[in-house]
Amino acid sequence: MDPEVGTETTNEEKIDKYVVSSSDLKAALAEGEATPEDPQPSTSGEQIDFKIVFNKKKFDVTFGVEETIGALKSHLQDIIGVPAAMQKIMIKGLAKDEMTLKKLGVVKGSKVMVVGSTLNDVLEIAKKPNVQQLNEEEKAETQKESWSQQKVHKKILEKGIPDDAMPGIKNSRESLPSFPLSGMLNKSGGKVRLTFKLEQDQVWIGTKERTQKLPLNSIKAVTSEPVEDHEEYHIVAIQMGPTEASRYYIYWVPAQYVDAIKEAILGKWQFF
């Protein structure tokens, strides 16, 4: 049987006690690869062959028995891909950098366990938001400024209510009229009219340039917000794809028709 320094089972049980700390990770990220101050193995003295066990893989290593753990870490960083500052070497517990392999009892054929995270592992973890970040993002979403205050919409609203806009009625709900809704604007400031062809299950979005005929079942969502200081009108967003980027915004929609628009497109119960 190969001689071992400690046993793999004992060492694995101790890993949790010696995980790489956040300060070690920061230091390693700041230092990067080995610096000129990293201890380097000497070429003199007795060399021994032993195995490094890292991440369930074994590596054959030849190293000086009089060399320190710090020098071994520098030697291993190119072999296992873990910077020296992020390594924990387990030999009957956590081995200190200044101790030599000989003092720790490492002999030919010994197995030495290394614990640590590669820089890629650390960077992947850093990409994932923690609980606090997720909570902050959720809070920011709820406190997000209204559409009326967002620059992309504000430039349209600042032009004022179009002269040919249909009268809006605040806090009122009416059925869709038998004629198209007109006098509204799109995101480019062009005139827009909405024509509901319910017998064909379509809504037509008409502009000066063209008329876009949309099947009602192709529309994923319809959302709206009142125009600030003009609550008798709304901004309505018709979403035609899976993300908000596919929204078609319509400005100065009479408030009394907003619920009827949602009901006609989504069905009576889906917009609640």
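Residues numbered from 1 in each chain as written. Predicted model: local features only at pLDDT ≥ 70, side-chain atom pairs only at ≥ 80, totals over all residues. Heavy atoms only, no water.

**Looking at the overall build of the protein**
Phase 1 of the analysis: When helices and strands are tallied, the protein shows eight helices and 11 strands.
Phase 2 of the analysis: A total of about 16300 Å² of accessible surface is found on the protein, and carbon and sulfur atoms cover 49% of it. (Helix = DSSP H or I, 4+ residues; strand = E, 2+ residues; numbered from the N terminus. Areas by Shrake-Rupley, 256 points an atom, 1.4 Å probe, with all protein chains shown as cover.)

**A word on the pairing of strand S10 (residues 230-239)**
Phase 1 of the analysis: Burial of S10 is extensive: seven of the 10 residues sit out of reach of the surface.
Phase 2 of the analysis: Two strands pair when backbone bridges link them, and strand S9 (residues 221-227) and S10 are joined in this way by seven bridges, in the antiparallel orientation. Within S10, the position partnered with Pro226 by the bridge is His234.
Phase 3 of the analysis: Connecting S9 to the next strand, S10, in antiparallel fashion are two residues, including Asp229 with a positive phi near 70°.
Phase 4 of the analysis: For S10 and strand S11 (residues 247-254), the ladder comprises six bridges, and the chain directions are antiparallel. In the sheet register, Ala237 faces S11, and the bridge partner there is Tyr249. (Buried < 20%, exposed > 50% of the residue type's maximum accessible area, 1.4 Å probe, protein only. Pairing = 2+ DSSP bridges.)

**Here's the deal with the sheet that holds strand S2 (residues 57-64)**
Phase 1 of the analysis: Strands sit in the order S2-S1-S4-S3 across an open sheet of four strands; the sheet is mixed. Single-partner strands in this sheet number two, and they are S2 and strand S3 (87-90). Sheet twist, expressed as the mean angle between neighbouring strand axes with direction ignored, is 35°. (Axes fitted to C-alpha atoms, helices over the stretch in contact; angles between N-to-C directions.)

**What about the pairing of strand S5 (residues 181-186)?**
One face of the sheet, then the other: side chains in a regular strand alternate in exactly this way.
Phase 1 of the analysis: When you tally the buried positions in S5, you get five out of six residues, the bulk of the element.
Phase 2 of the analysis: In this sheet, strand S6 (residues 191-197) lies alongside S5 in antiparallel orientation, the contact comprising three bridges. Along S6, the bridge assignment pairs Leu185 with Lys191.
Phase 3 of the analysis: Relative to S11, S5 runs antiparallel, the two sharing two bridges. Bridge pairing in S11 places Asn186 opposite Ile250.

**Quick notes on the environment of Gly206**
Phase 1 of the analysis: Inspection of the secondary structure puts Gly206 in strand S7 (residues 202-206).
Phase 2 of the analysis: Taking relative accessible area as the criterion, Gly206 reaches 2% and is therefore assigned buried.
Phase 3 of the analysis: For the pair Gly206 and Lys191, spaced 15 residues apart in the sequence, the C-alpha separation amounts to 8.3 Å.
Phase 4 of the analysis: Those residues in contact with Gly206 that sit more than four places away from it in its chain are Lys191, Val192, Arg193 and Thr211. (Contact = heavy atoms within 4.5 Å.)

**Overview of unusual backbone geometry**
Phase 1 of the analysis: The phi dihedral of Asp201 falls on the positive side, at around 55°, and the residue is not glycine.
Phase 2 of the analysis: Tracing the sequence through the fold places Asp201 in the loop between S6 and S7.

**A closer look at helix H8 (residues 258-266)**
Phase 1 of the analysis: The buried count for H8 comes to seven of nine residues, which makes it a mostly enclosed element.
Phase 2 of the analysis: Val258, Ala260, Ile261, Lys262, Ala264, Ile265 and Leu266 are the residues of H8 that are buried.
Phase 3 of the analysis: Elements that come into contact with the buried residues of H8 comprise S5, S6, S9, S10 and S11.
Phase 4 of the analysis: Once H8 ends, the next one or two residues include Gly267, with phi positive near 100°.

**Some words on the confidence of the model for the protein**
Close inspection of predicted coordinates is inappropriate for parts of the model with low pLDDT.
Phase 1 of the analysis: On average, the protein scores 81 in pLDDT, and the residues at 70 or more come to 74%.
Phase 2 of the analysis: When the criterion is pLDDT under 50, residues 6-22 qualifies, and its contacts beyond four places in sequence or with other chains add up to 26 contacts.
Phase 3 of the analysis: When the criterion is pLDDT under 50, residues 31-38 qualifies, and its contacts beyond four places in sequence or with other chains add up to nine contacts. (pLDDT = per-residue confidence, 0-100.)

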